[in-house]
Each structure stands twice: as structure tokens, then as C-alpha cells.
Amino acid sequence: MSKGKSYAWKRELPMHLMLVPGLVLLLIFAYIPMTGIMIAFQQFNPVKGLFGHQRWVGLDNFHYIFSMPNIWRVVGNTLLIASLKIVCGMVVPIVFALLLNEVKNVLFKRVTQTVIYFPYFLSWIILSGIMIDILSPSGGLVNQFLGAFGIKGIYFLGENKWFPFTMIASDVWKNFGFNTVVYLAAITGIDPALYEAAAVDGASRWKQTWHVTLPGMRMIIVLLMVLSLGNIFDAGFDQIFNLYSPQVYQSGDIIDTMVYRMGLLQSQYSASTAVGLLKSGVSFVLITSSYYLAYRLFRYRLF
Amino acid sequence: MKMVNRSRNHWFSVVNTIILSLTCIICLIPFIHIVSLSFSDKAAVLGGLVKLWPVHFTWEPYSYVLERTAFWRSFGMTLERVVIGATINVLLVILLAYPLSKPNNKLRFRSVYVWIFFFTMLFNGGLIPNYILVKELHMLDTIWALVLPGAVSVFNIILMLNFFREVPHELEDAAFIDGAGHMRTLWQIYVPMSLPAIATITLFCIVGHWNAWFDGMIYMKGDHYPLQTYLQSIVIKFDFNTMSASEAQRLAKLNDRSVKAAQMIVAAIPILLVYPYLQKYFVAGIRLGSVKG
């Protein structure tokens with residue numbers, strides 16, 4: 001019996017060894033930074049180091065950040081931009097997946113897909129560079145076009161009333177193609193017999209879409225909706241950081257950009273970590289509940 | 001009645017084709033415009049004449065970019081991180097996905113391991129602790145700062161372990177009877193049978209490293225910026241510190257917009273080159289991975 005046990009261990013051992021390099025890297029680069037959240041409760045002095053003797057200040061940093069005049073505006077911007085991105089990022093791809101599904105010409109279908117999801121693979125650096133050029137109020141392509149209709153130059157990236165809208169629209173531009181393909185894959189999985197049955201019952205194409213295709217996609221739509229709950233505080237650092245400027249902080253400054261400026265530009269390590277910790281904490285609750293919900297509703301599990 | 005239905009369907013097809021074609025055109029226009037700018041001469045760009053076709057065609061912006069040392073230096077840095085980074089990523093994904101793809105009764109403590117990996121998807125230390133850690137490990141301004149912190153991609157592990165689960169059990173049992181251990185089974189049975197999946201993940205890692213810019217900005221000094229960070233500094237921050245005097249002189253004869261456009265295009269070409277492969281594996285990847293449904 002004990003011999004059998006040690007034999008099983010010996011067989012299994014290589015698998016545990018395979019996990020070692022990855023576990024060590026995670027320990028260093030994920031779990032040590034997690035303990036680094038204690039910086040939020042210290043008056044952190046970088047000279048003494050991460051595990052040095054720092055002065056503990058309790059919740060002082062949190063009192064400080066909630067006394068900042070712009071904190072709630074930044075939280076509001078984050079929630080507004082992120083939630084509108086989530087909504088548009090679902091509706092637009094679903095509509096396009098339904099439209100593409102009706103296309104009978106295979107070549108046209110493939111070309112359309114290829115074109116619409118190309119921006120997904122480009123970095124926000126390149127896309128931002130393109131946007132800064134074409135959205136320029138003086139001589140940018142978009143304003144030249146609008147000028148032809150007598151519309152005066154709009155500064156999409158420099159005016160507070162346009163900035164959030166521009167962020168959401170360009171986020172859709174980058175990502176809708178990818179998500180369209182995800183939903184198309186779900187549509188392809190629908191049993192063709194359902195359409196035949198609907199056709200026999202005299203359902204028009206529109207009715208087939210409403211009564212067969214959409215219910216067939218319902219599961220993936222609800223699942224992605226539930227999972228996107230965890231992203232409600234992610235307004236998109238890569239995009240906003242490369243497109244915003246001080247004149248649109250009022251409508252465009254988000255938690256992540258504020259954490260960056262406070263922490264790495266103004267060296268307020270502790271206050272910046274405190275903001276980051278609050279965000280991670282709330283996100284943790286949201287992500288955990290979204291996975292829990294997805295599991296309860298659909299038996300969805302990652303591992 | 002049937003006639004009405006058919007003609008209504010016909011109209012729908014026409015309108016649908018128009019909507020989709022227009023969307024494609026709108027998606028393409030920004031790229032066409034940037035390409036046109038990069039091939040147009042200074043007067044045409046300044047005069048606002050360039051729209052969707054180069055005006056007074058010239059190679060000058062490209063020859064200027066290709067002679068810029070800062071551009072090539074950052075290009076080299078990016079190649080280095082892509083090769084080292086993607087290799088480490090993929091090796092780790094294979095090594096980690098294999099044991100984690102086993103059921104709980106085949107691998108002791110599996111659920112503990114799974115939680116260690118899964119928890120990193122739920123919570124992270126945030127920007128400052130990460131930065132201070134890299135600094136205290138003396139990795140600032142070295143390639144390791146770009147490669148090691150993101151070496152373990154839990155998302156890719158999930159993708160890979162779903163592929164490994166498709167490998168028939170009988171093959172593994174046969175290998176064990178022949179005396180092979182887990183290491184040999186992994187490299188001689190699982191890896192060869194999962195090559196399309198490994199190709200997909202490799203491509204994702206390559207694109208990820210190619211497009212990464214933030215780590216380069218916070219961890220590296222100007223001379224060691226990877227390509228996207230370098231682009232960020234000149235296209236978005238208007239930082240011209242990397243420019244030599246002779247380069248500045250040449251730039252005066254060119255239009256800044258054309259030069260920026262040319263650099264963005266050169267940086268996007270590698271993505272264009274792998275795009276057909278990305279596309280090929282992509283749908284298979286999302287079906288098995290993120291949204292199993």
C-alpha cells in the first residue's frame with residue numbers, strides 16, 4: 001500500500017516540477033506586489049525599500065485622497081466612459097453579427113470580417129497617432145469633411161463635451177470587429193433544424209432572426225454581460241493616456257491615469273497606491289461576483 | 001404574398017450590403033489617409049491637398065525614417081523582447097497547462113495550484129508596488145523588466161489547457177505502458193498534437209510584445225525604448241530629444257505629419273505580415289478559449 005503510494009508520487013513528481021518555474025515567477029511578480037499594497041498605509045520612503053522600516057500612518061492616505069477636490073469627478077468619468085464602452089461594445093457587434101449572418105456571398109462576408117477586425121491587432125499608440133492626425137481641428141481629414149457641410153472645426157480631443165464620446169467611438173472602432181466574430185461564432189453554432197422548422201411554420205427572415213438567432217445567442221450575450229461587470233472600473237488606460245491632455249481632464253481623467261500621474265510623475269507613492277488599492281479592491285468584489293454569477297447561471301468556469 | 005416576401009428580402013439584402021460596405025470603407029479611410037500622407041510631399045500636406053491618394057508622390061519620409069538611428073535602435077529592442085519574451089511565454093504556457101489540464105485525482109493539490117493562478121486574475125498589486133519591485137530587483141533599463149513581469153499569462157494557459165484536454169486519453173495511457181513519464185508524454189504526444197494551438201498562442205504573444213509600450217515607458221531609458229514606446233514619445237508626446245542635429249535639419253525639409261505617418265506604417269507592417277495567420281487560428285482560438293459557451 002505504502003509502496004503504491006510512493007510510486008504514484010514518483011510518477012506525479014514531474015508534473016509538480018513543471019509548475020515550479022511558473023509558480024516562482026508568479027510569486028515574485030504577482031504576489032510580492034500584492035503585499036506591496038501596504039504602501040497605501042505607510043508614508044512610503046523609496047530609499048528604505050519595499051520591506052524596509054516605513055512609517056505607518058493608518059488611513060491618512062485614504063483621508064487625503066477623499067479630500068482631493070477632483071476625486072469624485074475622476075471616479076464618475078471612469079464609470080461613465082467604462083459603462084458606455086461596455087454597452088456600445090456589446091450592441092454594435094451583435095447588430096453587425098446579425099447583419100453579417102444574412103450575407104450569402106462568402107467572399108464579401110470574409111472581406112468584411114477581415115477589414116473590420118484589423119484595428120483590433122494594432123496598438124493604441126498607432127491608433128492614437130492616426131486619430132490625432134485625422135481629428136485635428138486644423139486640417140484633419142474629419143474636419144475637412146465636416147467643413148464641406150459648413151460645420152465649423154470641432155476639436156474632438158480637446159473639448160470636454162466631445163472627448164468622452166470620441167473615446168467610446170474609437171474604442172468601438174478598435175474592438176467591434178473582434179467581438180462581431182465572437183458572436184458570429186455563436187450564431188454558427190445554432191442548430192440549422194431550428195431555422196428549417198421556423199421556415200416550415202412560415203416565419204419570415206426577420207421573424208427567424210427574432211425567434212431563432214437571438215435566443216440562440218442569448219446565452220453568450222448574458223455570459224459576456226455578466227463577465228463585463230468586472231470591467232466597470234477599466235475605462236481604458238492605454239487609449240485615454242495617449243489621447244487626453246490637461247484641457248480635457250475634466251471629462252477624460254480616469255482612475256488609472258490619475259494613479260499614474262500621482263505615482264510616477266509626482267512621486268506620491270503612498271497616495272497613488274491607496275487609489276490603486278481602492279480600485280483593485282472594488283474590482284475584486286465585482287470580478288469575483290461576476291465569475292460566481294456566470295458559474296451559477298451557466299456552469300461557466302475558467303479552469 | 002410570396003412575391004412580396006421575396007422582394008422585401010431582396011431589398012433587405014441590398015440595404016444590408018450597402019451598410020456593411022460603408023462600414024468597411026469608414027474603417028479603412030483612416031489607414032488609407034495615413035498611407036497617402038506618408039507618400040506625399042511637404043507642400044501638398046501643408047496645403048491640405050492630401051486625402052485618400054498621395055499627392056506629389058515621394059519616398060522621402062521613408063528614407064528619412066529608415067536612416068534614423070533612434071528608430072532602428074528601438075526596432076532592435078522590440079525584436080529582442082519579442083524573441084526572448086514570446087519564447088519564455090510559450091514555454092511557460094506549455095509547461096503550466098499540461099499539469100493543470102489533468103483532473104484533480106491525477107494531480108495532487110491541483111485545486112490549490114488553480115487558485116494560485118486564478119487569484120492573479122482577480123486581484124493585483126497595482127502600478128506602484130510593481131514599479132518599486134522591478135526597481136529593487138535592479139531590473140530597470142534591462143530587457144528583463146519587459147519580459148519577466150508578464151511571463152506567466154493565465155489567459156493563455158486556460159486557452160492551452162482546453163486544447164490539451166482534447167488529446168485522447170488512450171495515447172497517454174499507451175505512452176505510460178511503454179514507460180514514458182509525463183515529461184516525454186508532454187513533448188512527444190501533447191505538443192505535436194497541439195501545434196495549431198501553440199501557433200495561435202505564439203502569435204498572440206508576439207503581437208502582445210510587439211504592441212506593448214507602457215512597460216517600456218516606465219522601466220526603460222530613452223536609448224532603450226522599444227518601438228511602440230519610441231513612437232509614443234514622438235507621435236504623441238512630441239518629444240524630440242532623440243533627434244540629432246543633422247536629422248533635425250533634414251526634418252525641416254519634410255512635413256512632420258508625413259514622417260509620423262511613415263513611422264506608424266513601418267511599425268504596423270509586421271502586424272500586417274502575421275495578420276493572415278492571426279486570422280486563420282483566431283476563430284478556433286476564441287471558440288475553445290475565452291468563451292467556451
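Since the model is a prediction, treat every value here as computed from it, not as a measurement. (Residues numbered from 1 in each chain as written. Chains lettered and ligands numbered in written order. Predicted model: local features only at pLDDT ≥ 70, side-chain atom pairs only at ≥ 80, totals over all residues. Heavy atoms only, no water.)

**Description of the UniProt feature "domain: ABC transmembrane type-1" (unreviewed entry) in chain A**
Inference 1: What UniProt calls "domain: ABC transmembrane type-1" (unreviewed entry) maps, in this numbering, to residues 75-290 of chain A.
Inference 2: Counting secondary structure, residues 75-290 of chain A comes out at 74% helix and 0% strand; the distance between its end C-alpha atoms is 21 Å. (UniProt positions renumbered as here; feature names shortened; annotations may be inferred. Helix = DSSP H or I, 4+ residues; strand = E, 2+ residues; numbered from the N terminus.)

**A short note on the domain arrangement of chain B**
Often the size quoted for an interface is simply the accessible area lost on bringing the parts together.
Residue and element names in this part refer to chain B.
Inference 1: Domain parsing of chain B yields domain 1 (2-58) and domain 2 (63-279).
Inference 2: Distance between the C-alpha centres of domain 1 and domain 2: 34 Å.
Inference 3: In this complex, domain 1 contributes 9 residues to the contact, which on the side of domain 2 involves 10 residues.
Inference 4: Of the roughly 730 Å² buried where domain 1 meets domain 2, counting both sides, 62% is carbon and sulfur surface.
Inference 5: The interface formed by domain 1 and domain 2 contains 0 salt bridges.
Inference 6: Our count for the domain 1 to domain 2 interface comes out at 1 residue pair in polar contact (both at pLDDT 80 or more).
Inference 7: Going through the elements one at a time, helix H1 (2-38) and helix H2 (42-46) are the ones with two or more residues in the side of domain 1 that touches domain 2.
Inference 8: When residues of the side of domain 1 that touches domain 2 are assigned to their parent elements, the largest contribution, 5 residues, is made by H1.
Inference 9: Along the lines of polarity and charge, the residues of the side of domain 1 that touches domain 2 split into 5 nonpolar, 3 polar and 1 charged. (Domains from an automatic or database assignment. Contact = heavy atoms within 4.5 Å. Buried area = accessible area lost by both parts, 1.4 Å probe. Salt bridge = Lys/Arg side-chain N within 4 Å of Asp/Glu carboxyl O. Polar contact = N/O pair within 3.5 Å; in protein donor to acceptor, adjacent residues only side chain to side chain. Nonpolar A, V, L, I, M, F, W, Y, C, P; charged D, E, K, R; others polar.)

**Quick notes on the packing of helix H2 (residues 60-67) of chain A against helix H13 (residues 269-298) of chain A**
Relative placement of two packed helices is described by the angle separating their axes and the distance separating the axes.
Residues and elements named next belong to chain A.
Inference 1: As a packed pair, H2 and H13 sit with axes 9 Å apart at the nearest point and diverge in direction by 80°. Judged by the angle between their axes, H2 and H13 are roughly perpendicular. For the pair formed by H2 and H13, the contact residues are Asn-61, Phe-62, Tyr-64, Ile-65 and Phe-66 on the first element and Ser-270, Ala-271, Ala-274, Val-275, Leu-277 and Leu-278 on the second.
Inference 2: In the contact of H2 with H13, the residues fall into 9 nonpolar, 2 polar and no charged. (Axes fitted to C-alpha atoms, helices over the stretch in contact; angles between N-to-C directions. Parallel < 35°, antiparallel > 145°, perpendicular 65-115°, else oblique.)

**Topic: the interface of chain A and chain B**
Inference 1: Facing 90 residues of chain A, the contacting portion of chain B comprises 98 residues.
Inference 2: Roughly 8,700 Å² of surface becomes buried between chain A and chain B when both sides are summed, with 77% attributable to carbon and sulfur atoms.
Inference 3: Linking chain A with chain B are 2 salt bridges, by the criterion used here.
Inference 4: Arg-257 of chain B is paired through a salt bridge with Asp-133 of chain A; the nearest N and O atoms lie 2.8 Å apart.
Inference 5: Remark: the boundary between chain A and chain B carries 15 residue pairs in polar contact (both at pLDDT 80 or more).
Inference 6: Among the elements that line the side of chain A that touches chain B, the one with the most residues is helix H1 (residues 2-35) of chain A, at 21 residues.

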